[in-house]
Every structure is written in C-alpha cells, then in structure tokens.
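One-letter residues, chain by chain:
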Amino acid sequence: MAKEKTQFSCNECGGSSPKWLGKCPHCGAWNTLIESVAESSAPAKNRFASLAKTAEVIALADIEASDVERTPTGHDELDRVLGGGIVEGGVVLIGGDPGIGKSTLLLQALDALQRRGQNTLYVTGEESGAQVALRSRRLGLDGSQVKVLAEIQLEKILATLDATRPTIAVIDSIQTVYSEQLTSAPGSVAQVRECAAHLTRAAKASGTAIVLVGHVTKEGALAGPRVLEHMVDTVLYFEGDTHSSFRLIRAIKNRFGAVNEIGVFAMTEKGLKGVSNPSAIFLSQHPEPVPGSCVMVTLEGTRPLLVEIQALVDSGGPSPRRLSVGLDRDRLAMLLAVLHRHAGVACMDQDVFVNAVGGVRISEPAADLAVMLAITSSLRGKPLPKGFIAFGEVGLAGEVRPAPRGQERLKEAAKLGFSVAVVPKANAPKKNDKAFEGLTIHAVERIDEAMSLVRGL
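Residues numbered from 1 in each chain as written. Predicted model: local features only at pLDDT ≥ 70, side-chain atom pairs only at ≥ 80, totals over all residues. Heavy atoms only, no water.

J.: Sorry, what's going on with the overall build of the protein chain here?
T.: When helices and strands are counted, the protein chain shows 10 helices and 23 strands. Projected onto its principal axes, the C-alpha positions of the protein chain cover 85 × 55 × 55 Å. Counting all 457 residues of the protein chain, 47% fall into the buried class. Side-chain charges in the protein chain split into 50 positive and 50 negative, and the spacing between the mean points of these groups amounts to 1 Å. (Helix = DSSP H or I, 4+ residues; strand = E, 2+ residues; numbered from the N terminus. Buried < 20%, exposed > 50% of the residue type's maximum accessible area, 1.4 Å probe, protein only. Lys, Arg positive; Asp, Glu negative; His and termini not counted. Charge placed at Lys NZ, Arg CZ, Asp CG, Glu CD.)

J.: Looking at this structure, I do not really get the environment of S179. What am I missing?
T.: Of note, S179 is situated in the loop between β9 (168–172) and α5 (189–206). Considering only alpha carbons, one finds S179 and A205, 26 residues apart in sequence, at a separation of 19 Å. The contacts of S179, once residues within four sequence positions are left out, are L154, E155, Q191, E194 and C195. Of the polar contacts made by the side chain of S179, one reaches the side chain of E155; its length is 3.0 Å. (Contact = heavy atoms within 4.5 Å. Polar contact = N/O pair within 3.5 Å; in protein donor to acceptor, adjacent residues only side chain to side chain.)

J.: Please explain the packing of helix α7 (residues 329–343) against helix α10 (residues 447–456) as it appears in this structure.
T.: When two helices pack together, their arrangement is given by the angle between their axes and by how far apart the axes lie. The N-to-C vectors of α7 and α10 enclose an angle of 80°; their axes lie 9 Å apart at closest approach. Here α7 lies roughly perpendicular to α10, going by the angle between them. Residues L339, H342 and A343 of α7 form the contact with α10, whose participating residues are I447, D448, M451 and R455. Tallied by class, the residues present in the contact of α7 with α10 amount to 4 nonpolar, 1 polar and 2 charged. (Axes fitted to C-alpha atoms, helices over the stretch in contact; angles between N-to-C directions. Parallel < 35°, antiparallel > 145°, perpendicular 65-115°, else oblique. Nonpolar A, V, L, I, M, F, W, Y, C, P; charged D, E, K, R; others polar.)

J.: Would you mind showing me how to read the sheet that holds strand β1 (residues 6–10) here?
T.: Through backbone hydrogen bonds, the strands of a sheet pair up, either in parallel or in antiparallel fashion. Strand order in this open sheet of 3 strands is β2-β1-β3, and the pairing throughout is antiparallel. Edge positions in the sheet fall to β2 (16–17) and β3 (33–37), since each of these pairs with one other strand and no more. In this structure, β1 lies alongside β2, joined through 2 bridges in antiparallel fashion. If you follow S9 over to β2, its bridge partner there is S16. (Pairing = 2+ DSSP bridges.)

J.: I would appreciate a short explanation of a nonpolar patch on the surface in the present structure.
T.: A contiguous nonpolar surface patch, about 340 Å² in accessible area, is contributed by I58, L60 and I63. By the secondary structure assignment, I58 is in the loop between β3 and β4 (70–71). (Patch = residues over 30% accessible without salt bridge, like charges linked within 9 Å, V, L, I, M, F, W, Y side chains within 5 Å. Areas by Shrake-Rupley, 256 points an atom, 1.4 Å probe, with all protein chains shown as cover. Salt bridge = Lys/Arg side-chain N within 4 Å of Asp/Glu carboxyl O.)

J.: I'm lost on helix α4 (residues 154–164) in this one. Help?
T.: In an α-helix, one full turn covers 3.6 residues, which means residues spaced three or four apart are oriented alike. All of the buried residues in α4 are L154, I157 and L161. In an axial view of α4, the angular spread of the buried residues amounts to 65°, which keeps them on one side of the axis. In this structure, the buried residues of α4 make contact with β7 (120–124), β8 (147–150), β9, α5 and β10 (209–214). R165, located one to two residues past α4, shows a positive phi value of around 50°. (Arc of directions from axis to C-beta.)

J.: In this structure, what is going on with the state of the cysteines? I would like to understand it.
T.: All told, the structure shown has 0 disulfides when counted by the stated rule. Take C27: it sits in no disulfide, and the sulfur closest to it among the cysteines is that of C13, at 3.7 Å. Free cysteine: C294, not disulfide-bonded; nearest cysteine sulfur from C347 at 15 Å. (Disulfide = S-S within 2.5 Å.)

J.: So what exactly am I meant to see when it comes to the pattern of salt bridges here?
T.: Oppositely charged side chains can pair when the atoms bearing their charge come close. Scanning all chains against the criterion turns up 15 salt bridges. One salt bridge connects D162 with R165, and the closest N-O pair in it is separated by 3.2 Å. Here E412 ties to K415 by a salt bridge, and the two come within 3.3 Å at their closest N and O atoms. Of this pair, E412 and K415 both sit in helix α9 (residues 406–415), 3 residues apart, which is roughly one turn of that helix. What emerges from the salt-bridge pattern is a single network uniting K204, D233 and R255.

J.: I would appreciate a short explanation of the packing of aromatic side chains in the present structure.
T.: To describe a pair of aromatic rings, one takes the distance between the centres and the angle between the planes. One pass over the structure, following the stated rule, counts 0 aromatic pairs. In this arrangement the basic side chain of R409 is found over the ring face of F391, its NZ or CZ atom lying 5.6 Å from the centre. (Phe/Tyr/Trp six-rings, centres within 6.5 Å; stacked < 30°, edge-to-face > 60°. Lys NZ or Arg CZ within 6 Å of the ring centre and 35° of its normal.)

J.: What is the right way to read the pairing of strand β22 (residues 420–424) from this model?
T.: Burial analysis of β22 places 5 of its 5 residues in the buried class, the great majority of the element. Taken together, the 3 bridges between strand β19 (residues 388–390) and β22 define a ladder with parallel strand orientation. Counted as the bridge partner of I389 is A421 from β22. Bridging between β22 and strand β23 (residues 440–444) involves 5 bridges; their strand directions are parallel. Its bridge partner being in β23, A421 is matched across the sheet by I441.

J.: Can you help me understand the environment of L110 in this one?
T.: Structurally, L110 can be placed in helix α2 (residues 102–115). Each C-alpha atom, one on L110 and one on A169, is 8.4 Å from the other, the two residues being 59 residues apart in sequence.

J.: I would appreciate a short explanation of the sheet that holds strand β12 (residues 246–254) in the present structure.
T.: Read across the sheet, 9 strands follow the order β8-β7-β9-β10-β6-β11-β12-β13-β14 without closing on themselves; strand pairing throughout is mixed. In this open sheet, the two strands that pair with only one neighbour each are β8 and β14 (271–274). Sheet twist, expressed as the mean angle between neighbouring strand axes with direction ignored, is 25°. Here β9 runs beside β10; their pairing, made up of 5 bridges, is parallel. Residue pairing for β10: I168 is matched across the bridge by A209. The sheet strands contacting α2 are β6 (91–96), β7, β9, β10, β11 (234–239), β12, β13 (262–268) and β14, and the helix crosses β7 at an angle near 155°.

What follows is the structure, given as structure tokens:
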C-alpha cells in the first residue's frame, strides 16, 4: 500500500512546506512546522463553491447602507466591548487563559438572551452536557432553557444550526471541532482554518451570530493560524490574573465598533458581574496621602480610568536597579534621565521601583508626568496633596506635551471628587466650565515648572 503523502504546516501563518524545517520559509518563525497528511487534489469542485454567491459590480454610492441592528447580551460591560451588543450574522472570537471565565461568561450571556425570548445554542466540544448543566446550577441559572449540543463534528454542528436557526450560537471551543473532509487531527492548522471558514460562511448566510472560543498559547496569543483572526468580525481577549477576582475583556479588532474598548468584570460565586466604576479597583485606599503615590487618568478605549502610580526610591548599590510593573521599563529609564537633566532630581545611585496598582497595564505616554511626580515624592519623602491627579507626556527636551481627550479625563477626576490637577497647558479647559467645579487645574509647559508648582502646593 502506498504511503500517504505528508506535508508540514506552520502554526503561526498556516504556510506549508514539503519537508520539515527549523524556520518557516513564509513567516520566519522558529519551530512552528507540524506534520500533517497532505490533502488530495482529486475533487474538481471546491468545498466552498456552494457558499460563494455571485455578485455584480456596484458603485459605492448606490449600495444601501444602514446601521446594523444589535441584540444586547444583558451584560453592560460585554455590550460595551462588542460596540453595543451582538450583531446579526457577526462572528466573534474570544480567547483567554484556561479557567479565566470564558465559558462562564458566555453561558450567562446565553441564559440572559434566552430569558428575553431569543433562541440560543451552546455547542460544547470540551465538556459533556452534564458538566455544562452542573456549571449552570453553580451559577444560579435555574430553569435555563439554553439548548446544549455536545458535538465536535463540523457537519453535524452545521446541520443542527440549519435545523434550529438560533439567534446566537457559541462554539466552545474551535480547537476541538473537526471536519470529515480533512484527515488531520482536531486542533491542527488545517482543521481550525477549515472549520472556522465554514462556520463564518454559515453565520453570514443564515444570520446566526456565532461566538468561537479559542485557546491561547504560552505567550498569550490565540492558538492556531493567524488567519483565524482575519476571518472573524470581532476579536476579544480575556485578561486577568486567576488569583485576582477581576477580569478585563479587551477588543483587539471590531468591524462593528471601536477597538481597544475594555470591559471590567468581577468573578463572584454566581459568575461574572460587570463593574460599573472600575476606577475604584485601581485606587489604593490610603486614609492619608503617602509619599511615592500619584493618581493619573488613563484612557482604555473610550473609557477614562483613574489609576494609582506608586514609586519607591531606595538607596541602591554600585549598580542601581530600575524596575517597573505595568509600565514600559525602557521609558522609565528615559524619564529618569529627563528628571535629572531638566528638573535637577538625581537618582543615579538609587534603586527605582514603579508600579501601576491593581495589575493594570498602561501603554500610553500620558503616564509620564504622574510617574515623575511619584518618583520625586518618594525620593523626598513628602506626599503629594490630598485629592491630587496628574497626566501628560514628557518629551526629552523637558516639555510637557498634551494627552489626547484631556477634557474627558478631567471630567472623570472631577466626578470622583479630586480637587487638584496638574495637566499640560494644551489640556487646560476654558474658564467658567461648570463640569470642573471643585477641581483646581494647574497648567504647566515644562517639567521643572511642574516640580516647582508641586513643591508649593
């Protein structure tokens, strides 16, 4: 009997090679080629031929375009990340570490939709129907009418979708589903790509919204070929420490809404509950101001969040350490150089540790001013005034640059009762604006000006 032909497929880009190579010839990634059985080219007709519709060339102005209708999921935080709710025929890919709460949240969302009269379907490939029922009892979803299908064969799943026509279907997870048309194992590059393509086409043809749950790699990226993210309409990442009760959902891609939106959830005994005021999580509850602590307003998508930046400056040895958690380490070294050159604050022989409270990660440069003020406060051992906030980007020449959407940041601070703000001059609001009542705003142009101002407060 002739030996079956094999080929090697790349886990990262999906490219194929006739023999094993250490480095993928297509994307350059190392140790990503996995052996699989080569598909025969016998069938003349493509598997997707029946799904592809013929279309004519139309001018853009002649195409009727209306806003897409959305179905709220019953979770305000999830709706915020999705852009307002589930879109008819939309395909959502949600990834996250094992045990972080993906299946829990989706089961809660399906139950809320079902109780409002929507037809829902939960396809589980990793658990039995009894395990899903046990989870629903633990979450307090008594008498839930969510339909459950324990199946991993793609053709049977598609037949069930066609027969039941649900408003929304969850596939948990895409790595467990396999198609009979391919001989490779479930979870392989070919199977994941094929199954996702068929489910996406089925969603567009029938109007059923489909949510695919995806596994993640050790690095935290979605497992399988990167093409999976290009096929779907929305990509969500579930983030958070399993030791903490708080979870963040971040939109990386969204064809129907804003990207980089964030939803905050708290894990409770009855499942995930949305957190309406997440700023409270990221602020420490000090009865009195302490040295080395400065509050800033960061933007996560369209949402302003108040985050506390803490700094600890301690006498170091011959080679002082610079360590930052939640902030860019290279940027910290740069800010210390600017602090020395333009504000006369030297930390050459000091260990400097900077932390963003609550495990939040801040990537925007608007944290620069708050970081520098926290470092100076810790070095001098003097706390910043009570109710103090600061934000702004600091350049290498010592200038304080404006942060985007500064007015919204200030409004959030005023709403939460902060009384003193140091901001870039370009972000200072016009006088007599009632939205900032109770908040004294000091506008600065340079870092040395900010330092001397804070010393006098």
